[in-house]
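Structural features, examined
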Amino acid sequence: MSAQGNAKPVITDVFVEGARKGWGIATSSTLPNVVMAFIIIKALEITGALKGLGMIFAPLMGLFGLPGEAAAVLIGGWMSMGGGIGVAIGLFEKGIITGEHLAILAPAIYLMGSQVQYLGRILGVIGTRAKRIPLMIAISVVNAFIAMLLMRVII
């Protein structure tokens, strides 16, 4: 082995490489999802669909101490975690949900996050039997709802 093969990388080089990778993830994955979520919330608000969504889901979301509009966060998170976070931030900025609501919603976003994205990317590719997929989704959603109940008690 050469002397260069044993040399430890310089910490600044490691940091810069990590920053490059992080920037790539942020600009190619996270940022587009968050921007899309802001646009969806604005479109729902302009059309009045956000109010309608709030009325439809108010009884269910009320179980968790949340306004009905918080269902948009869960729907967005189910499709894309970044999107769910963007929807949550959009609703927070509009004063529809509070910091307490965000704390209740956060575990649910991660427990059932991005399932729509991953259904085709992972489960289909590895050969998961189609009849098992609804059960897998249901387990994640039930776990998310249990987490929201626990967070409501904790907060």
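Predicted, not measured: the structure shown is a model, and the values here were computed from it.

This next bit is on the overall build of the protein. Each helix and strand in the protein was counted, giving eight helices and zero strands. For the protein, the α and β elements follow one another from N to C terminus as α-α-α-α-α-α-α-α. Here the protein has a C-alpha radius of gyration of 20 Å; the compact-globule value for 155 residues is 15 Å, and the former is much larger. Counting only residues that meet the buried cut, the protein has 30% of its 155 residues in that class. Considering only residue pairs separated by 6 or more positions, the protein has 70% of its internal contacts joining residues 24 or more positions apart. Summed over its atoms, the accessible surface of the protein is roughly 9,700 Å², and 71% of this surface lies on carbon and sulfur atoms. Side-chain charges in the protein split into 11 positive and 6 negative, and the spacing between the mean points of these groups amounts to 13 Å.

Where helix 7 (residues 115-123) meets helix 8 (residues 133-154), the closest approach of the two axes is 12 Å, and the angle between their N-to-C directions is 140°. As for how helix 7 packs across helix 8, the hand of that crossing is right-handed. For the pair formed by helix 7 and helix 8, the contact residues are Gln 115, Leu 119 and Leu 123 on the first element and Ile 133, Met 136, Ile 137 and Ser 140 on the second. Class assignment for the residues of the contact of helix 7 with helix 8 results in five nonpolar, two polar and no charged.

This brings us to the packing of helix 3 (residues 49-62) against helix 4 (residues 71-79). Remark: helix 3 packs on helix 4, axes separated minimally by 9 Å, with the N-to-C direction vectors making an angle of 90°. Judged by the angle between their axes, helix 3 and helix 4 are roughly perpendicular. For the pair formed by helix 3 and helix 4, the contact residues are Leu 53, Phe 57 and Met 61 on the first element and Ala 71, Ala 72, Leu 74 and Ile 75 on the second. Looking at the contact of helix 3 with helix 4 residue by residue, the class counts come to seven nonpolar, no polar and no charged.

Conventions and cut-offs
Residues numbered from 1 in each chain as written. Predicted model: local features only at pLDDT ≥ 70, side-chain atom pairs only at ≥ 80, totals over all residues. Heavy atoms only, no water. Helix = DSSP H or I, 4+ residues; strand = E, 2+ residues; numbered from the N terminus. Rg over C-alpha atoms; globule rule 2.2 N^0.38 Å. Buried < 20%, exposed > 50% of the residue type's maximum accessible area, 1.4 Å probe, protein only. Contact = heavy atoms within 4.5 Å. Areas by Shrake-Rupley, 256 points an atom, 1.4 Å probe, with all protein chains shown as cover. Lys, Arg positive; Asp, Glu negative; His and termini not counted. Charge placed at Lys NZ, Arg CZ, Asp CG, Glu CD. Axes fitted to C-alpha atoms, helices over the stretch in contact; angles between N-to-C directions. Left-handed = near helix turned anticlockwise from the far one by under 90°. Nonpolar A, V, L, I, M, F, W, Y, C, P; charged D, E, K, R; others polar. Parallel < 35°, antiparallel > 145°, perpendicular 65-115°, else oblique.

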